[in-house]
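Residue-level structure breakdown
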Amino acid sequence: MFMRKIGVAAAAVAGMAMLSAPASAEETFITIGTGGQTGVYYQVGGAVCRLVNRGTEDHGIKCTHTTGGSVDNINGLRNGDLDFGVAQADWQYHAYNGTAPDTFPDGAYKDLRAVFSVHPEPFTVVARADSGISSFEDLVGKRVNVGNPGSGARATMEVVMEAMGWTMDDFSLASELKSAEQAAALCDNKIDVFVFTVGHPSGTMEEAATTCDVNFIPVQNEAIDGLVQEHPYYSYATIPAGMYRGQDEDVTVFGVGATFVSNTDASEDTVYHVVKAVFDKFDRFRRLHPAFANLQKEKMITNNLSAPLHDGAAKYYKEAGLM
Ligand code: GLU
């Protein structure tokens, strides 16, 4: 009885599949590397997949997304585990140019391709209100979450530490919690401060600011001036007043941009359809997360992209009159 039911159901499903897709349609499964669930990358991947999967019947592409972080995502593209990834502009630059051998020991990754850029990501420093931290320099001697290896946030923290002349020994504790764990650790008083390069608003910051009293610490000094002046992918950035509970003033920090990348293994057709799914339904895409509210198509295809544009993306941008 049970078996027969399954048999009938399977036949019905098979029948439906035959009606809805031509026999020749090939399915292409794509995976996008994103970041922790309380960050914004995860939302980018979710938004892109949602729009792509609405058109699976037409183009045959089925999209899923994983967690990770910039460096893991670029490595995942390189070793064939991923088809797309979200990555900070600084790590896109270094991966393509081979300019950060500690982070990418395999040298320049010339098959990396840019697809579009996404939201800005300020280097954000969140301290417990009772920690005695009021400036970035005050991190010395404190319990600091520097971020997990594999995240772009951690890699950028290491660049900043070098510019500041700090090593991990300058902190009383340097923890490597993942982005989704750091707000709880802060409010449970396991750490004094965490550093996270992420778009705003993000779940991580909302969780911290609503669970305990925190301060958002400005990051602007001579060392940071030097980084911003010397590198095209860094600029000063503002976390606008009122973004989070208790954050009543603009906070000046520096930051990077988030980008969406792929590689030359991804077919022109696949990348074309992924870009089309997002750009044809752009207003809908922008509404999927408040960090996307200010995105503009024209800037997304030029800003922060250091690897060459993927051919499939360029094809769509030309067709849409954007290039
Ligand atoms: N910028 C962070 C990283 O590359 C991720 C931010 C996020 O999850 O939104 O690790």
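Residues numbered from 1 in each chain as written. Predicted model: local features only at pLDDT ≥ 70, side-chain atom pairs only at ≥ 80, totals over all residues. Heavy atoms only, no water.

Below, the discussion takes up the side chain of Asn145. Inspection of the secondary structure assignment puts Asn145 in strand S5 (residues 143-145). Accessibility expressed as a relative area gives 0% for Asn145, which makes it buried. A distance of 3.4 Å separates a polar atom in the side chain of Asn145 from the backbone nitrogen of Glu176. Residues within four places of Asn145 in sequence aside, it is in contact with Ser175, Glu176, Leu177, Gln182, Ile191, Val193, Phe194 and Val195. (Helix = DSSP H or I, 4+ residues; strand = E, 2+ residues; numbered from the N terminus. Buried < 20%, exposed > 50% of the residue type's maximum accessible area, 1.4 Å probe, protein only. Polar contact = N/O pair within 3.5 Å; in protein donor to acceptor, adjacent residues only side chain to side chain. Contact = heavy atoms within 4.5 Å.)

As a further point, take the pattern of salt bridges. One pass over the full model with this rule turns up 9 salt bridges. In this structure, Arg245 and Asp213 form a salt bridge, with 2.9 Å as the shortest nitrogen-oxygen distance. With Arg245 in the loop between strand S9 (235-239) and strand S10 (251-263) and Asp213 in the loop between helix H8 (203-211) and strand S8 (214-216), this residue pair connects regions lying 32 residues apart in the sequence. The class for Arg245 is partly exposed, based on a relative accessible area of 46%. In this structure, Asp283 engages Arg286 in a salt bridge whose closest nitrogen and oxygen atoms are separated by 3.2 Å. With Asp283 and Arg286 both in helix H11 (residues 282-287) and 3 residues apart, this pair spans about one turn of that helix. We classify Asp283 as partly exposed; its relative accessible area is 47%. (Salt bridge = Lys/Arg side-chain N within 4 Å of Asp/Glu carboxyl O.)

Next up on the list: the nonpolar core. Residues Phe116, Leu139, Phe260, Phe279 and Tyr317 are the most contacted members of the largest nonpolar core, which totals 84 residues. Not counting residues up to four positions away in its chain, the partners in contact with Tyr317 are Val115, Phe116, Val275, Phe279, Ile301, Leu309, Leu322 and Met323. In this structure, Ile74, Trp91, Val261 and Leu305 belong to the second largest nonpolar core, which totals 17 residues. (Core = buried A, V, L, I, M, F, W, Y, C linked by side-chain atoms within 4.5 Å.)

With that settled, the discussion passes to the environment of Asp192. Along the chain, the position of Asp192 falls in the loop between helix H7 (179-187) and strand S7 (193-197). Sequence separation of Asp192 and Leu173 is 19 residues, and the distance between their C-alpha atoms is 9.4 Å. Polar side-chain contacts of Asp192 include one of 2.8 Å to the backbone nitrogen of Arg143.

Another aspect to go through is the environment of Phe216. Inspection of the secondary structure assignment puts Phe216 in strand S8. Remark: the alpha-carbon pair of Phe216 and Gly107, spanning 109 residues in sequence, is separated by 36 Å. Those residues in contact with Phe216 that lie beyond four places of it in its chain are Thr124, Val125, Val126, Met205, Tyr244, Gln247 and Val251.

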